[in-house]
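Here's the letter readout for the chains.
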There are 2 protein chains.
Amino acid sequence: MPLTTVSLDPPYLLFMGDVGDDGHAKTGHGIADWASEKCAGQMRLAGCRVDMGVPEMTVEEACAAGVRTAIVGVAPTGGQLPAAWLPSLSDLARAGIHIASGLHSKLSAIPELVEAAAVGGARLIDVRVPPAGIPVGSGRRRSGRRVLTVGTDCAVGKKYTALALHRELRRRRINATFRATGQTGIMIAGQGMPIDAVVADFIAGAAEALSPDNADDHWDVIEGQGSLMHPSYAGVTLGLIHGSQPDAIVLCHDAGRTEILGYEGNFPMPEIGEVIAQALTAARVTNPDCVCVGISVNTSRLDADARNGYLRNLEDEHEIPCVDPIAIGVGRLADALLESIG
Amino acid sequence: MPLTTVSLDPPYLLFMGDVGDDGHAKTGHGIADWASEKCAGQMRLAGCRVDMGVPEMTVEEACAAGVRTAIVGVAPTGGQLPAAWLPSLSDLARAGIHIASGLHSKLSAIPELVEAAAVGGARLIDVRVPPAGIPVGSGRRRSGRRVLTVGTDCAVGKKYTALALHRELRRRRINATFRATGQTGIMIAGQGMPIDAVVADFIAGAAEALSPDNADDHWDVIEGQGSLMHPSYAGVTLGLIHGSQPDAIVLCHDAGRTEILGYEGNFPMPEIGEVIAQALTAARVTNPDCVCVGISVNTSRLDADARNGYLRNLEDEHEIPCVDPIAIGVGRLADALLESIG
C-alpha cells in the first residue's frame, strides 16, 4: 500500500485573518488561482484588505456550504499564528471544519485549537509535518511517466511551471497529476509531501512515495525544490531528483537574477547549461533515459522585445523550447514533453 | 556561539550486553580501537562472548574509576534494546553514569531508564538525535582547513580513512580534529553530528555547525556519508559536501564491489573518476579551490600481488596517491594533503 501523504479535504474556506496586503497572501491567491473549483469561500477578520474573489462566509455559512477544510492562506511575518485569529479558527474547528496551515508554528501546539478540534471532531493539519513511516529510497523503477521541474535557484518558477504544465496536459485530456512538494503546492493540490521537512536519510524515499506506480500513459508533474548549486538546500534537490526518477526535466530560471537569492556577494547564479547537465547526471542515476525537454524563464523584468530576444538566444544555445510560462505559456513545453517521451 | 553538537563525557564504560559475536559489537570495537584512552572498562552480561580488552567492571567499580558515560557498544538485530539489559543500564543511570546509545529505539522512550536517570542525575544520550536549533546553511567561508572523505558507495571506508588520516596528522603534531557524522564515529570522537537524522532543509547547516571557524593551520578531518550516486542517501552526501566546504577530499572505494551494496541488479558501482569529478563539482560550490588529494581503497579481498597491481593502475590513471588504509596506511594521503594545501 502506498504511503499516505499529507492530504486536505475540499471544499475549502480560505482563512485570510486580518492580513493587510497581497504580499502576505500568496498562499491564498495561489489556491484561489490554481484550485478555484475547490474554494467555496473566504473568511476575513476586521482590518483585512485582501480579497480572494470568493464569497465571504461566517462559520454557519461555511457549514451550510459543506466546507470541509479551512486553510490559513496567509503567511504572517515571523511565521507565528496571531492570537487574534484563534477565536475564529476555534469556532471553525468546533463546528467540525478541519484547519490546515503551512506556518512554522504548529496548530497542534496551540491548546485552545486542539481542544476545539477535539470537540468538533476536526483535524488540525500542519502541512509542513511529513507523514510517519516514510521508507528509505529503493531506487526501484516505477510504472507511469514523470516530469520534474528543476531550477537555477529557489523562487525561479518551479511550482508555477509545474502547475501550468499540469493544467496544459489536462487541457489536452492527458492523464496527469500535479505532485506538490512544498507547502503552497500542497495546499493547492490538496495533497503532497513537504519534502524539505523530511529527515535527511528519507528524502529520496519521500519522493518515491509521492509519485507511486501509475498507468503507463499517466504523467506525474512534480514540483521541484531548491537547486543543486544552492549552498543550503541542494541536498533536498538531489534526493528529490533521485526519488522522482523523472523521464523528463524542465529547467526553470529567472532572467533578472544575477546572484543566488539571499546569498548575494558570494554565489553568482550558475550557468543554465551547467544546471541542466548536473540535473541530468543526477536524474540518470535512477532513470538513465531522462532528458531535458525545455526551459521556463521568468522574464517579468524584461520588456517584450528584450524577452523575445532573450528567449530566442536561449533557444539557439540549448536547442529546446524556451518560454516564459506567464507571458507566453507552456504549450511548447507540453509539445516537447509529449514528443520526446511519446 | 557555535551550536552544541551531540557530546559524550569520558571516561567510558563499554556496555556489551549479552552479545554473542563480534559482528554485532562493531561499535564497541570501534571505540576500543580508536578511543582506547577514553575507555575505562567494559560491562558484559551473562552469555556475552566478546571482549573489548579493557577491565570488566561492576557499577560500583565503574563509579570508583570515575566513569562518566556508559556506551551501548552493541547493535542487536532489529535495533531494539533487549529488555534483559534494562536492569543493568538502570543501575548505571541511578548511580549517575550517563547512558549513550546509537540504536534506533530511543533510550528516552524507555520509562524505566528515564526514571533511573532522573534519580541519578544522569543524561540519556541518543546519538541519532540531532541537537535542536540547527540553522540553514549560510555558505559563509570559515577559517581553518577541512578535508572530507567521499565514497563510491556506503561502507567503503569513509569513517576508517578519516580516523586514520586524523591519527596520522596528529602523529605529525599537526593541529587536527576528527569530525564525526555517524553514530559510531560520534561514539569514538565523543561528539559529532548525526547528519543523516537532520531535517532535510538543514543538512548543509548541520555540516557547517560541525566544523566551525578554527585556527588557520587547523585541520578538520570530516567523516563522509553515503555517495552522490546512491539512490537513497545522496541528498545527505551533497548537503554534507556543501556545508563542509572542504579544501580537500579523499575518495574511498571498495575494490571488491561491483554493485551498490543492497541494491544489486540495478545499480552498478560508479566509476571512481566520475565520483571524484562530481564530488569536486559539488565541493566547489562552497569552496572553489577544493582538490582531491588521494584515493583510499579497501583491498581486503585481494592478495598482496593483486593489491599492488590494482593500486598501481589506479595511481597511473588518476595521478594521486592510492593506498589501502589498513594494508598500507594513509601516510601518503597525509603527505599529499599537506603538500597540496600547504
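Residues numbered from 1 in each chain as written. Chains lettered and ligands numbered in written order. Predicted model: local features only at pLDDT ≥ 70, side-chain atom pairs only at ≥ 80, totals over all residues. Heavy atoms only, no water.

Details of the interface of chain B and chain A
Interface size is commonly expressed as the accessible surface area that is lost when the partners come together.
Next up, step 1: At the interface, 32 residues of chain B touch 32 residues of chain A.
Next up, step 2: Taking both partners together, chain B and chain A bury about 2,400 Å²; carbon and sulfur atoms supply 60% of that area.
Next up, step 3: Among the residues of chain B in contact with chain A, Ala200, Asp201 and Val285 of chain B are the three that bury the most area, contributing 20% of the side total.
Next up, step 4: At the boundary of chain B with chain A, the tally comes to zero salt bridges.
Next up, step 5: The tally of links from chain B across to chain A stands at ten residue pairs in polar contact (both at pLDDT 80 or more).
Next up, step 6: Broken down by element, the residue count for the side of chain B that touches chain A peaks at six residues, all from helix 8 (residues 234-244) of chain B.
Next up, step 7: In terms of residue class, the side of chain B that touches chain A is made up of 18 nonpolar, eleven polar and three charged. (Contact = heavy atoms within 4.5 Å. Buried area = accessible area lost by both parts, 1.4 Å probe. Salt bridge = Lys/Arg side-chain N within 4 Å of Asp/Glu carboxyl O. Polar contact = N/O pair within 3.5 Å; in protein donor to acceptor, adjacent residues only side chain to side chain. Helix = DSSP H or I, 4+ residues; strand = E, 2+ residues; numbered from the N terminus. Nonpolar A, V, L, I, M, F, W, Y, C, P; charged D, E, K, R; others polar.)

Topic: the pairing of strand 5 (residues 98-101) of chain B
Note on strand geometry: in a regular strand, side chains alternate between the two faces of the sheet.
All names here are of chain B.
Next up, step 1: By the alternation rule, side chains of strand 5 split into His98 and Ala100 and Ile99 and Ser101, which are all buried.
Next up, step 2: Note: strand 4 (residues 69-72) against strand 5, three bridges, orientation parallel. Its bridge partner lying in strand 5, Ala70 is registered against Ile99.
Next up, step 3: The handedness of the strand 4 to strand 5 crossover, carried by helix 3 (residues 86-94), is right-handed.
Next up, step 4: Relative to strand 6 (residues 124-126), strand 5 runs parallel, the two being bridged by three bridges. Across the sheet, the residue bridging to Ala100 is Ile125, located in strand 6.
Next up, step 5: For the crossover from strand 5 across helix 4 (residues 111-120) to strand 6, the handedness is right-handed. (Buried < 20%, exposed > 50% of the residue type's maximum accessible area, 1.4 Å probe, protein only. Pairing = 2+ DSSP bridges. Right-handed = clockwise from strand over helix to strand, strands pointing away.)

Examining the sheet that holds strand 11 (residues 248-254) of chain B
Residues and elements named next belong to chain B.
Next up, step 1: Pairing is parallel in the open sheet, where six strands are placed in the order 8-10-7-11-12-13. Sheet topology places strand 8 (176-179) and strand 13 (322-323) at the edges, where each strand pairs with a single neighbour.
Next up, step 2: The pairing of strand 11 with strand 12 (residues 291-298) spans seven bridges and is classified as parallel. Bridging across to strand 12, Leu251 finds its partner in Ile295.
Next up, step 3: Relative to the sheet, helix 5 (residues 158-171) contacts strand 7 (145-151), strand 8, strand 10 (219-222), strand 11 and strand 12, its axis offset from that of strand 8 by approximately 165 degrees. (Axes fitted to C-alpha atoms, helices over the stretch in contact; angles between N-to-C directions.)

Looking at the relation of the copies chain B and chain A
Next up, step 1: Once turned by 180 degrees and shifted 0.0 Å along the axis, chain B lies on chain A with an RMSD of 0.0 Å. On this basis, the relationship between the two copies can be described by a two-fold rotation axis.
Next up, step 2: When the interface residues of chain B are mapped onto chain A, 100% of them again fall at the interface, so both copies present the same face. (Least-squares fit on C-alpha atoms with pLDDT ≥ 70 in both.)

Notes on the sheet that holds strand 6 of chain B
Residues and elements named next belong to chain B.
Next up, step 1: Strand order in the open sheet formed by five strands is 3-2-4-5-6, with parallel pairing between adjacent strands. Here the strands that pair on one side only, and so sit at the sheet edges, are strand 3 (39-44) and strand 6. Neighbouring strand axes in the sheet, compared pairwise and without regard to direction, differ in orientation by 25 degrees on average.
Next up, step 2: Note: strand 2 (residues 12-17) against strand 3, five bridges, orientation parallel. In the sheet register, Tyr12 faces strand 3, and the bridge partner there is Cys39.
Next up, step 3: Strands strand 2, strand 3, strand 4 and strand 5 of the sheet are contacted by helix 3, whose axis makes an angle of about 165 degrees with strand 2.

A few points about the packing of helix 3 (residues 86-94) of chain A against helix 4 (residues 111-120) of chain A
Residues and elements named next belong to chain A.
Next up, step 1: Helix 4 packs onto helix 3 with a crossing angle of 20 degrees between their chain directions and a minimal axis gap of 7 Å. With respect to their mutual orientation, helix 3 and helix 4 come out roughly parallel. Our pair here, helix 3 against helix 4, has a crossing hand that is right-handed. Facing helix 3, whose interface residues are Leu86, Pro87, Leu89, Ser90, Ala93 and Arg94, helix 4 presents Glu112, Leu113, Ala116, Ala117, Val119 and Gly120.
Next up, step 2: Counted by class, the contact of helix 3 with helix 4 contains eight nonpolar, two polar and two charged residues. (Parallel < 35°, antiparallel > 145°, perpendicular 65-115°, else oblique. Left-handed = near helix turned anticlockwise from the far one by under 90°.)

Interpretation note: all reported values are geometric properties and have no functional meaning in isolation.
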